[in-house]
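Chain by chain, the residues:
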Amino acid sequence: MSAAPVNMADLFTQSEVGHIAIVGFPFDEGTKRNNGRGGSVAGPATFRKFVGKVGPVINPEHRVDLRSLKLSDAGDVTGPAPEDIETAHQLLTSKVASVLAANAVPFVVGGSNDQSYPNASALLHHRGGNIGVINIDAHLDVRPLKDGKAHSGSPFRQLLDDPRFCGKFVEFAAQGMQCSASHADYVLTQGHEIQWLNAVQEMPLSRVTSPLSWVVELTPVAANFQRVLERMNSCDAIFVSFDIDSIQGSDCPGVSCPGVTGITANDALQIAALAGAHPNVQLMDMSEFNPAVEDWRTGRLTAFIFYHFCLGFMSRAHAQ
């Protein structure tokens, strides 16, 4: 008889089949093309080092039991040369599409933020154009391509320019001191929405009920995020893209571009749990974890973000 699962490592199989499947995108050329610091190439491997160790399978505080959760590791995108992210993007789209076709929720770990358009492209192929996309990020990431090439600042320009996309797009926790006015105008003139950091740090005027039985009071940031999720209920699927440089640098130092301000680690954990709980969130990615800058504290945080996504996921009926 096999031993009862004790930690997250015990819940994993090596496949694309399960409730949630990790996919790794170990490429940082997109950040380098955007004049950023390399190093997020090691993000997926460092994330995996921590993810099996953190978080009990039975959480005694929240009374959430993960033992029935089926987790899989679909592996990394491999093969292309480090600078050949065009091929890497094609392989990523194919891998994420395979996970979606297996009725699992891909949780894609980068790597640089240019991964987000290939991920969105897979969901567009799988569910059609009426998808909701939330970009949790200090930056808007709607810069034009550079000499026709994608980079970490372009994924959502590519999404909004994709003729297949006809859904809703929200920039969440963006920081005006790190965003171009012309890029903000681009998002707004396309008919989409920007929720600036200062705004999401204020509690909504009307009460937001937490869908999580173990969270009595959402933080203001999490409450505003839940509002965004609720407004996307008419979409056929939701993609939550989480660039962790949106988290303040004192909580999350190991990123390519650490922020002097931002959302808190507690905000991030509640956001992850809310995304996990929403039945229409069919894809999540996490970008810009850079172990070359700092690996231990940030590595544990990325693992706990995944853990909280799993805790939230258990409130979905089919996970019981």
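Parameters at a glance
Residues numbered from 1 in each chain as written. Predicted model: local features only at pLDDT ≥ 70, side-chain atom pairs only at ≥ 80, totals over all residues. Heavy atoms only, no water. Core = buried A, V, L, I, M, F, W, Y, C linked by side-chain atoms within 4.5 Å. Buried < 20%, exposed > 50% of the residue type's maximum accessible area, 1.4 Å probe, protein only. Contact = heavy atoms within 4.5 Å. Helix = DSSP H or I, 4+ residues; strand = E, 2+ residues; numbered from the N terminus. Polar contact = N/O pair within 3.5 Å; in protein donor to acceptor, adjacent residues only side chain to side chain. Salt bridge = Lys/Arg side-chain N within 4 Å of Asp/Glu carboxyl O. Phe/Tyr/Trp six-rings, centres within 6.5 Å; stacked < 30°, edge-to-face > 60°. Lys NZ or Arg CZ within 6 Å of the ring centre and 35° of its normal.

Draft legend 1. Expanded view of the nonpolar core. With 68 residues, the main nonpolar core has L66, I305 and F306 as its most contacted residues. Excluding anything up to four places from it in sequence, L66 contacts M8, L11, P56, V57, Y307, C310, L311 and M314.

Draft legend 2. A look at the side chain of N135. Following the sequence through the fold, N135 ends up in strand β7 (residues 131-136). Classification of N135 as buried rests on a relative accessible area of 0%. Only 3.5 Å separates the side chain of N135 from the backbone oxygen of H139, close enough to count as a polar contact. Looking at N135, its side chain comes within polar contact range of the side chain of E171, at 2.7 Å. Each residue touching N135, except ones within four places of it in the same chain, is listed here: L140, F156, F169, V170, E171, F172 and S241.

Draft legend 3. Inspection of the pattern of salt bridges at higher detail. Going through the model one piece at a time under the given rule, you end up with nine salt bridges. A salt bridge links R48 to D76; its shortest N-O distance comes to 2.8 Å. Highlighted residues: R48 in helix α2 (residues 43-51) and D76 in strand β5 (residues 71-76), separated in sequence by 28 residues. Assessed through its relative accessible area of 23%, R48 is described here as partly exposed.

Draft legend 4. Structural context of the packing of aromatic side chains. Tallied over the full model, the rule gives 10 aromatic pairs. Arranged with centres 6.3 Å apart and planes meeting at 80°, the rings of F304 and Y307 form a pair that is edge-to-face. Placement of both F304 and Y307 in helix α10 (residues 296-313) is noted, with a separation of three residues, approximately one turn of the helix. Overall, the relative accessible area of 2% leaves Y307 in the buried class. Ring pairs connect the aromatic residues F12, F47, F107, F306 and F309, which therefore count as one cluster. The aromatic ring of Y186 is capped on one face by R157, whose charged end is 3.7 Å from the ring centroid.

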